[in-house]
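This is what each chain is made of:
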Amino acid sequence: MSLLLQYNADLSGFNTLALPARAACLARPKTLDELEQVLAERDPQSPVYVIGEGSNLVIQEDLPGLTIALALDGMIKVRETDQHVWVAAGAGVHWDDLVAWTVEQGWQGLENLSLIPGTAGAAPFQNIGAYGVELAQVLEQVTVMEIATGELTHFPAGECDFAYRDSRFKSRDKGRFIITGIELKLNRQAQCNISYGPLQQHFAGLASGEVTAAAVREQVIAVRQSKLPDPAVLANAGSFFKNPVVSTEKAEALKEAFPQLVAYPQQDGVKLAAGWLIEAAGWKGKQLGPVGMHRDQALVLVNHGGATPSDVMALAAAVRTDVWQRFGVQLEQEPIVLP
Ligand SMILES: Cc1cc2nc3c(=O)[nH]c(=O)nc-3n(C[C@H](O)[C@H](O)[C@H](O)COP(=O)(O)OP(=O)(O)OC[C@H]3O[C@@H](n4cnc5c(N)ncnc54)[C@H](O)[C@@H]3O)c2cc1C
């Protein structure tokens, strides 16, 4: 057991915002047996935290109890038909390695989700999404281990309560399960989704059936690299706020006052571009101490070096207050705050 545990472990490499933090006890289980053992031998009174690569985390202070960063790897084809391929991946697999591997095989479904940082195990937690596609559209099932009992269960996608940046693992079952693996259903024949503006422009004139997953992946990577700061170069946790959904009446009133407002009608209201609101509130490229909102992407909060969690929280609060005062819209933070 002790071989699996590291005490007073440095977590600065486990959060892409590069905040200084330590875990009282860190476990990196490589197999389900090791994970079961770690859970069975833990102090049941102490908290358990599960982290991936920390690309969606704000670690506010040192983590007490047990922190688990799964190292379960492996990507395999599970079964196939003439039209579909089912693939499984361990929770510790780097997400983009899985995307790259499936695209190399000529399988289609994950290409729009290229280059999203993090692990395969974290992907269902907030139902990762980008460029018109969400994980929920390709996910077949999730395998989880219940922290309290060590029991393994499979949840079909339909039982995961997937919504925009949300799932049962983030809401009603928060802290109950460890996602140990995922299974995805991909297409053999390309049916790429190129509805997102920049993809549509790039592939203009081609029917989606003529567009390959490899070509879409290449383009998504190019767009992401031109727009988003690489956390390895400038520490950040991606979009710091979710795009808020407001009522149609509210959106219409805002549009009248601010004709440039970027808004997308949804079934349950109108989704506003949080980046536009933040930029219009004057925060794009602005710094508050060692942290700031990125100069090209107002939605991304960056650590220019040496930031503390309070610097991050102070900037987030200032941005939220300004957006509220100017537009009457509440911004909800996307990264998870630990502990
Ligand atoms: C530059 C950048 C761009 C990004 N772009 C996007 C984007 O386009 N779309 C998008 O959706 N997200 C995006 N993100 C956010 C992030 O990449 C995703 O949320 C990713 O899934 C987080 O993976 P992780 O392994 O780093 O998880 P972590 O940040 O370590 O954890 C996130 C949450 O998931 C939970 N969790 C992690 N692993 C497990 C597990 N095995 N079982 C149970 N719970 C678990 C943690 O407890 C935590 O609450 C971006 C982030 C960055 C830094």
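Scroll up for the structure.
Summarised in this report is the structure supplied together with it. For clarity, every value in this text was computed on a predicted model and none was experimentally measured.

Points about unusual backbone geometry
A cis geometry characterises the amide bond from L338 onward to P339, with omega recorded as -5°. Summarising the element assignment, P339 is placed in the segment after β20 (336–338). Here the phi dihedral of L115 falls at roughly 65°; this positive angle occurs in a residue that is not glycine. With respect to the helices, strands and loops of the structure, L115 is situated in the loop between α2 (95–104) and β8 (129–130). If you check the backbone angles, N127 has positive phi at about 50° while not being a glycine.

Re the pairing of strand β12 (residues 177–187)
Along β12, 10 of the 11 residues are buried, which leaves the element largely enclosed by surrounding structure. Here strand β7 (residues 84–90) pairs with β12 via 7 bridges, running antiparallel. Bridge assignment links V85 to a residue of β12, and that residue is L186. Relative to β12, strand β10 (residues 139–146) runs antiparallel, the two sharing 7 bridges. Each bridged residue has a counterpart across the sheet, and for V144 the counterpart in β12 is I179.

So, how was this worked out
- Residues numbered from 1 in each chain as written.
- Predicted model: local features only at pLDDT ≥ 70, side-chain atom pairs only at ≥ 80, totals over all residues.
- Heavy atoms only, no water.
- Helix = DSSP H or I, 4+ residues; strand = E, 2+ residues; numbered from the N terminus.
- Buried < 20%, exposed > 50% of the residue type's maximum accessible area, 1.4 Å probe, protein only.
- Pairing = 2+ DSSP bridges.

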